[in-house]
Amino acid sequence: MKNVILIGFMGTGKTSTGKMLASKLGCAFMDMDQKIEEEAGMRIPEIFAQQGEDYFRQLERGLVERLSARRNAVISTGGGTVKNPANVASFKKSGIIICLSASVDAVLERTMRHGTRPVLDRADQGDRRKAVEMLMEERKDLYKQADFTIDTSELSPLQVVETIVRYLKTRGVLHA
Ligand code: S3P
């Protein structure tokens, strides 16, 4: 099977959907943020604080290269992985890209806690909604590079997984 790569803004459900999708398909699941944290021996906010965002993006790039060399995996990316066009190109070669989207309200609800998402915390000058809106607008064209997009705002994780499975069948990635 080609890899199935989940991209999308923070709080759109990439990790929970990816985990559930991989178990349904009986294939490996790779969560990029988790893998980066394991390899660095640090949480992402610490990497940003101690080494800076550029260093984090380098770790991300290296991991995309390694993950793109394999097949049969569901890969959940970080919200900013698609900022590097080389990452999108690697993913396009190795698999099918699915974007999870969500309304500003849904993202706000899911990312309320400060201290875990440095990019959002940095953009948040006292108005979290404005920060989400601004970052979403800035990135919207990057997420449009996906083969297929699902708005997860009103869907349960199971419904998102079922929608992805149906799409993969229409694309012949999975057999009907
Ligand atoms: C980031 C999103 C995060 C994580 C890092 C940077 C971003 O992942 O990779 O904090 O730039 O949008 P999630 O989308 O899983 O929160």
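Refer to the structure above for everything that follows.
Note that the structure is a prediction, hence the values are computed from the model and not measured.

The rules behind each value
- Residues numbered from 1 in each chain as written.
- Predicted model: local features only at pLDDT ≥ 70, side-chain atom pairs only at ≥ 80, totals over all residues.
- Heavy atoms only, no water.
- Salt bridge = Lys/Arg side-chain N within 4 Å of Asp/Glu carboxyl O.
- Helix = DSSP H or I, 4+ residues; strand = E, 2+ residues; numbered from the N terminus.
- Buried < 20%, exposed > 50% of the residue type's maximum accessible area, 1.4 Å probe, protein only.
- Arc of directions from axis to C-beta.
- Near = heavy atom within 4 Å.
- Polar contact = N/O pair within 3.5 Å; in protein donor to acceptor, adjacent residues only side chain to side chain.
- Areas by Shrake-Rupley, 256 points an atom, 1.4 Å probe, with all protein chains shown as cover.
- Nonpolar A, V, L, I, M, F, W, Y, C, P; charged D, E, K, R; others polar.
- Disulfide = S-S within 2.5 Å.
- Pairing = 2+ DSSP bridges.
- Axes fitted to C-alpha atoms, helices over the stretch in contact; angles between N-to-C directions.
- Contact = heavy atoms within 4.5 Å.

Caption draft 1: Expanded view of the pattern of salt bridges. Taken as a whole and judged by the stated rule, the model has 13 salt bridges. With a shortest N-O distance of 2.7 Å, glutamate 137 and lysine 140 are connected by a salt bridge. Taken together, the residues glutamate 137 and lysine 140, both in helix α8 (residues 128-143) and 3 residues apart, mark about one turn of the helix. Residue classification places lysine 140 among the partly exposed positions, given a relative accessible area of 36%. Three or more residues are tied together by salt bridges with common partners; here these are Glu53, Arg57, Glu60, Lys83 and Arg122.

Caption draft 2: Structural view of the environment of isoleucine 97. Structurally, isoleucine 97 can be placed in strand β4 (residues 95-101). Note on isoleucine 97: relative accessible area 3%, which makes it buried. Taking the C-alpha atoms as reference points, isoleucine 97 and leucine 6, 91 residues apart in sequence, are found 6.1 Å from one another.

Caption draft 3: Quick peek at helix α3 (residues 44-51). Within the sequence span of α3, burial applies to Ile44, Ile47 and Phe48. Take α3 and look down its axis: the buried residues cluster within an arc of 95 degrees, on one side only. Pointing more than 90 degrees away from the buried face of α3 are the exposed residues Ala49 and Gln50. Among the residues trailing α3, glycine 52 stands out with phi positive, at a value near 95 degrees.

Caption draft 4: Examining the site of the ligand more closely. Lining the immediate surroundings of the ligand are 13 residues, of which Lys14, Asp33, Arg57, Gly79 and Arg139 lie closest. Between the ligand and lysine 14 there is a distance of 2.8 Å, counted from an oxygen atom to a side-chain nitrogen or oxygen. In the model, an oxygen atom of the ligand is placed 3.2 Å from a nitrogen or oxygen of the glycine 80 main chain. Coverage of the ligand by the protein amounts to 94% of the 390 Å² it exposes when considered alone. Classifying every residue of the shell around the ligand by side-chain character gives 5 nonpolar, 3 polar and 5 charged.

Caption draft 5: Quick look at the state of the cysteines. Applying the stated criterion to the full structure yields 0 disulfides. With no disulfide of its own, cysteine 27 lies closest to cysteine 99 among cysteine sulfurs, the gap being 19 Å. Residue class for cysteine 99 comes out buried when judged on its relative accessible area of 3%.

Caption draft 6: Quick look at the sheet that holds strand β3 (residues 73-76). In spatial order, the strands read β2-β3-β1-β4-β5; together these 5 strands make up an open sheet with parallel pairing. For this open sheet the edge positions go to β2 (28-31) and β5 (148-151), each flanked by a neighbour on one side alone. Between one strand axis and the next, the sheet turns through 20 degrees on average, direction left out of account. The strands that helix α9 (residues 157-170) touches are β1 (3-7), β4 and β5; relative to β4, the one it contacts most, it runs at about 145 degrees.

Note that every value here comes from positions in space, so none of it alone points to a role or purpose.
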